[in-house]
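A look at the structure
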2 protein chains.
Amino acid sequence: MTAAARLLETLAQWGIEHVFCCPGTSEIPVLDALAARRGGPEFVLTTHEAISVSMADGYARASGRIGVAYLHTNVGVANGLAHLYAAQVARSSVAILAGIKGTATLPHRALTTSPRLLETAAPYVGHAWQNLRAEDLLEDVSRTLWHTTVIPEQPAILTIPQDHLAAEPGVAPPVRWGARQGPAAEAVRHASALLDAARRPVLVAGSDVARRGAETDLARLAERLGAPVFVESRRDLERWSFRTDHPLYAGLFEPRAPMLAEADLLVLAGMPTPLEFSAEVAALPSGVPILHLSEDAAEPGRRYVPAGAVVGDTVAALRGVAEGVRAPSRGEWPARVLKNSADRHARWAAEVPLDGEFSAAVAMRTLADVIGGERLLVLDAVTSTLPLLRFLQRTRADSLFATASGSLGWGMGAAAGVAMARRERVLAVVGDGVVQFGVPAFWTVARYRLPVTYLVVNNGKYQAVVAGMRKSGGERGEYPLTDISGVEIAALATAFGIKAVTVDGVAGLRAALAEDPGPEDGPRLIEVRVNDQLWQ
Amino acid sequence: MTAAARLLETLAQWGIEHVFCCPGTSEIPVLDALAARRGGPEFVLTTHEAISVSMADGYARASGRIGVAYLHTNVGVANGLAHLYAAQVARSSVAILAGIKGTATLPHRALTTSPRLLETAAPYVGHAWQNLRAEDLLEDVSRTLWHTTVIPEQPAILTIPQDHLAAEPGVAPPVRWGARQGPAAEAVRHASALLDAARRPVLVAGSDVARRGAETDLARLAERLGAPVFVESRRDLERWSFRTDHPLYAGLFEPRAPMLAEADLLVLAGMPTPLEFSAEVAALPSGVPILHLSEDAAEPGRRYVPAGAVVGDTVAALRGVAEGVRAPSRGEWPARVLKNSADRHARWAAEVPLDGEFSAAVAMRTLADVIGGERLLVLDAVTSTLPLLRFLQRTRADSLFATASGSLGWGMGAAAGVAMARRERVLAVVGDGVVQFGVPAFWTVARYRLPVTYLVVNNGKYQAVVAGMRKSGGERGEYPLTDISGVEIAALATAFGIKAVTVDGVAGLRAALAEDPGPEDGPRLIEVRVNDQLWQ
């Protein structure tokens, strides 16, 4: 058995059922081993490494397993890099294996060879290594896989010289998994005391809550405290972590919401320090003390000095803190926040009337109405995401995946990875700009008949840039370099063999969504032509 | 005037007429300045940074100017990285300007921000810098541009904090240009002496010859020596540097060609050390002494010890060496090499009969026949490139651009950049796999009505991987992960508004090429469906 064959066996031992790959000649020993092998893992063909990496990321997030992308040399690693950043921001367990030239060739001026390949990936991984000896290959692979599971999770990369794949491998070490750290008892006690002392606490549900299946634990803490719960802001959102039908659900976290200024404790529950867009746009309400629950010790304190910090496993932290509080009364506080939130939702609905112009917001409100709280969602729609999240219902745990990375195109491949992991239909809400960043995803979903419905909000614009220019210089006639119209998105999907329809208007969108098939029916695309305004 | 406005002025002073850009919000100050400005440079909108960089590269190569790509933050730089490698391998003067968040935000956890952004680009540039003070912005931009012109040329990158674009800039330094070094007189004398002593010399024309407009100088040297001239191998070819109708043209350099083993001096004229594919495939004939003419002092000696090396400007080196030789007679040597070469070409033609199966090779032989020696070409067709180059005629200087990087998709954007630089119709010969790596190029060529004809050799396969598997394990029924069929390539182009036809067979291809319009008619695509064999 060659090392390539043993490598496949090692991946199977780790429970890896899918590997995402767009191969080149340096992967030939692996392909030879695949042709000879019975049993998993299945190698899933992609036609661009950006799809390999975003699929592996979506797969890892949705399955709780490791997402493995097998890339081709320095150019493949480069092509996958932007979405590797997305995986890093999401703390996704993505392992990159990359084939490189053989060790007799690497020192020379060689095709697709950079003597500094690992440098390019290093900023976006927690572990980067080149296999040095064939006999250590299986151990290096195992160590790379393991590193992606060490908490806080980060991607990892291993480069594999081609000749080592054909050589005699050493022994594969046993499968091991990153151990969870519980929080320190003293930190938990301090947190409970802060909560007891707070009269107007507010919770923010971060993505770690969904990641660890801790939605119920968070709800129990909220109920015990009588504290309203916001879901982390659309800029930070990677997973949705609180039921929208819970009596304490207070809406999407928006730092300038007036009630937040009145809070006397803001609990960031299972999230990093919120991302900053610019110095002018605050990511947190100013002056409100913070209690930060995080699995990453580097997050609390990164940007501000918290009043309390609990570092460790999210489930243990939520349970520990809940046990320690004495359930004081909050008086009118939660009712006031929830009333304000209900008013805000009503105002938003009034501002986006379903019989008005067919803007992106109207399309998103319609979508939220139709799909209800249970559909599996992947969001990468840039400006349309905010209206969708404002109107969205979520009643099913860990059923929404998004990116806080700003790496355009992520949703195209991630949706395919989520569909492969969950074996049910995924609705991927993406912008027309996003489609152009991830066209090759169409090939893979078509070939594997993956149950992905791409819902493309097509405004023909880089709307985020237009909005930014409006802010910087007011309304004007011309917004250079923002008009990306001219693509027949439905025809584009059809060229890959994907059934596609184009709709506009509320009724058309409702009808198209009503016809959405089951998981057995392969991919589909709904192009939603909206006007060139986000809100009106 | 803001720094952004002065930045545009500075680019204009450097003679830069086009900047390739897919903007995000961090570029808004530049877009604001563009909206207010009259005059160049023109910003050309792309819908993916891979296209921005490959267009800038093609533009730089074809124009002799600097190719500027303006990228968006860390994700934009990541998306452009694979083709930045292509630009580096080609010694292309590509300058990357990248917008990043403002300096008040950068230290925090910020959207699309990596504290180690420049690390990812560093392996592929000669100069990487982040603008530190607004008052140095124009000088930093100028220095970055200048660095791309320093010989041996390499790309360069400057990251620009958003707030510095709105601030008061300092003074722009004058335009400066990389100075050429002439070779040392002693090295030239030694080279001439080696040539005088050689009885069976062979010249290999490298891409630097076309880069410096030195085709005539190389021809004069060859004539003076009576030495046959090969054009560098398809693995190394970036530009075609010798007329195929010259009496001393001996064909494409293939290291295992039998005549090369008989040579007693191999002159690498204006090229780096040949790229190695693997240790089993020699890049140079073994045992033949080498005289290496290079503009990069690090190339001669990188892989072997040359008998002589002339480092410096290609024109000066060719002229100097030619002046020093005493034009000795080579007896039968050149005639024997040329006879062998003519026989080889005849054999190739016999092996690829135009009335046989419509393989990629038959399509490429047909193409070579039809287009003659003058058409402007961009090649990124992977396995089809070798048969095309074997049959190709070239009678026009510096009219062919290819990549030795292996960065798939390069040709899609590069062709657009070449068309913009030369303002005439470019024929881009690409594979179907390449198309999937560069789909967004269709958007830009359609929007700007660029005169590019994409000729897509569609075999539905990763043929290079299939060929490699045949070598490694013989003919078999299954070649996993190589079948990428299922895309209607013509329909894909049509979705972007590009006129497209699908043809198969020699007559169909001839007819489609005969209808190819002039430069005023915008882009076009010819999908050539070939069988699944490269040669038969």
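Residues numbered from 1 in each chain as written. Chains lettered and ligands numbered in written order. Predicted model: local features only at pLDDT ≥ 70, side-chain atom pairs only at ≥ 80, totals over all residues. Heavy atoms only, no water.

Points about the side chain of Glu299(B)
- Turning to its location among the elements, Glu299(B) is positioned in the loop between strand 11 (290–294) and strand 12 (308–311).
- Residue class for Glu299(B) comes out buried when judged on its relative accessible area of 5%.
- Apart from residues no more than four positions distant in its own chain, Glu299(B) is found in contact with Arg109(A), Pro272(B), Thr273(B), His292(B) and Ser294(B). (Helix = DSSP H or I, 4+ residues; strand = E, 2+ residues; numbered from the N terminus. Buried < 20%, exposed > 50% of the residue type's maximum accessible area, 1.4 Å probe, protein only. Contact = heavy atoms within 4.5 Å.)

Things to note about the environment of Val430(A)
All names here are of chain A.
- Summarising the element assignment, valine 430 is placed in strand 15 (residues 426–431).
- Since its relative accessible area comes to 0%, valine 430 is described here as buried.
- A C-alpha to C-alpha distance of 5.0 Å links valine 430 and valine 456, two positions 26 residues apart in sequence.
- Ignoring sequence-local partners within four residues, the contact set of valine 430 consists of Asp380, Ala381, Met412, Val435, Leu455, Val456 and Val457.

Details of the UniProt feature "domain: Thiamine pyrophosphate enzyme N-terminal TPP-binding" (unreviewed entry) in chain A
- Under the local residue numbering, the UniProt record ascribes the feature "domain: Thiamine pyrophosphate enzyme N-terminal TPP-binding" (unreviewed entry) to residues 1–110 of chain A.
- For the annotated span residues 1–110 of chain A, helix accounts for 47% and strand for 19% of the residues, and the straight-line distance between the end C-alpha atoms is 28 Å. (UniProt positions renumbered as here; feature names shortened; annotations may be inferred.)

What about the interface of chain B and chain A?
- The interface is formed by 84 residues belonging to chain B together with 84 residues belonging to chain A.
- Where chain B abuts chain A, roughly 7,100 Å² becomes buried across the two surfaces, and 61% of that area is made up of carbon and sulfur atoms.
- Counting every contact that joins chain B to chain A gives four salt bridges.
- Close ionic contact of Asp483(B) with Arg447(A) constitutes a salt bridge, the shortest N to O distance being 3.4 Å.
- When residues of the side of chain B that touches chain A are traced back to their parent elements, those giving at least two are helix 2 (28–36), strand 2 (42–45), helix 4 (73–89), helix 5 (117–121), helix 17 (432–437), helix 18 (441–447), helix 19 (463–473) and helix 20 (489–494) of chain B.
- For the side of chain B that touches chain A, the element with the highest residue contribution is helix 4 of chain B, accounting for eight residues.
- For the side of chain B that touches chain A, the residue count by class is 43 nonpolar, 24 polar and 17 charged. (Buried area = accessible area lost by both parts, 1.4 Å probe. Salt bridge = Lys/Arg side-chain N within 4 Å of Asp/Glu carboxyl O. Nonpolar A, V, L, I, M, F, W, Y, C, P; charged D, E, K, R; others polar.)

What to know about the relation of the copies chain B and chain A
- Mapping chain B onto chain A calls for a screw motion: a turn of 180° about the axis and a shift of 0.0 Å along it, with 0.0 Å RMSD after fitting. Taken together, the rotation angle and the small translation identify this as a two-fold axis. Residue Thr120(B), judged by its C-alpha, is the member of chain B lying nearest the rotation axis, at 1.9 Å.
- The share of interface residues of chain B whose copies in chain A are also at the interface is 100%, consistent with both copies meeting through the same surface. (Least-squares fit on C-alpha atoms with pLDDT ≥ 70 in both.)

A word on helix 21 (residues 506–514) of chain B
Residues and elements named next belong to chain B.
- Of the positions making up helix 21, those classed as buried are Val506, Leu509, Ala512 and Leu513. Down the axis, helix 21 shows its buried residues gathered within 135° of arc, on one side only. Away from its buried face by more than 90 degrees, helix 21 exposes Ala507 and Ala514.
- Summarising the contacts, the buried residues of helix 21 are in contact with helix 14 (360–371), strand 15 (426–431), strand 16 (452–458), strand 17 (499–503) and strand 18 (524–529). (Arc of directions from axis to C-beta.)

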